[in-house]
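# Coordinates in review
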Amino acid sequence: QVQLVESGGGLVQTGGSLRLSCAASGTFISISKMAWYRQAPGKLRDLVAGIRSGGNINYADSVKGRFTISTDNSKNTVFLQMDSLKPEDTAFYYCYARIMTRRSGTVAFTDSDYWGQGTQVTVSS
């Protein structure tokens, strides 16, 4: 019932900017964490930036000072503002969320990981 949908990827030149968005939709109770990961061909999927419900934020060292993660809680949306982009930032970017839902047909709650389909970011030289 829960979906994460990313948007905002594209092709930019070195030094350019992109703003990624990810909206959570469906039936859920709360979101405890949202984050952005990226994966380049032949590489592992790595955390880019994450933000927790209490406001705690962390970034990968490679993007500190260039990327900014933020949320619009009223819209269940997380953003990633990417500035001063480099070719090394080229990757498929995935939205992640830790979401509490009610187990179907029960009164129990579960806290589970959800992933978006991803969006391509390409930075040309």
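Structure: see above.
In what follows, the accompanying structure is described.

Cut-off values and rules
- Residues numbered from 1 in each chain as written.
- Predicted model: local features only at pLDDT ≥ 70, side-chain atom pairs only at ≥ 80, totals over all residues.
- Heavy atoms only, no water.
- Buried < 20%, exposed > 50% of the residue type's maximum accessible area, 1.4 Å probe, protein only.
- Helix = DSSP H or I, 4+ residues; strand = E, 2+ residues; numbered from the N terminus.
- Pairing = 2+ DSSP bridges.
- Disulfide = S-S within 2.5 Å.
- Core = buried A, V, L, I, M, F, W, Y, C linked by side-chain atoms within 4.5 Å.
- Contact = heavy atoms within 4.5 Å.

## Observations concerning the pairing of strand β1 (residues 3–7)
Only one face of β1 is covered, namely the one carrying Leu4 and Glu6; the face carrying Gln3, Val5 and Ser7 has none of its residues buried. In this structure, β1 lies alongside strand β3 (residues 18–25), joined through five bridges in antiparallel fashion. Looking across to β3, one finds that Val5 is bridged to Ala23.

## Brief notes about the state of the cysteines
Throughout the structure, instances matching the rule amount to one disulfide. A disulfide bridge connects Cys22 with Cys95, and the sulfur atoms are separated by 2.0 Å. Between Cys22 and Cys95 the sulfur-sulfur dihedral comes to about -85°; the bridge is accordingly left-handed. Here the residue Cys22 occupies a position in strand β3, and Cys95 occupies one in strand β9 (residues 91–102), the gap between them amounting to 73 residues. Residue Cys22 is classed as buried on the basis of its relative accessible area of 0%. The class of Cys95 is buried, set by a relative accessible area of 0%.

## Re the nonpolar core
When a protein is soluble and globular, its nonpolar side chains tend to lie buried together. Counting 29 residues, the largest nonpolar core has Trp36, Leu80, Met82 and Tyr93 as its most contacted members. Elements with a contribution of two residues or more to this core: β3, β4 (30–39), β5 (46–52), β7 (67–72), β8 (77–82), β9 and β11 (119–124). Here the element with the most residues in this core is β9; it accounts for five residues. Those residues within four positions of Tyr93 in sequence are excluded, and the remaining contacts are Glu6, Leu20, Trp36, Tyr37, Arg38, Val48, Phe67, Leu80, Met82, Gly118, Thr119 and Val121.

Geometric descriptors of this kind do not, in isolation, establish any biological role.
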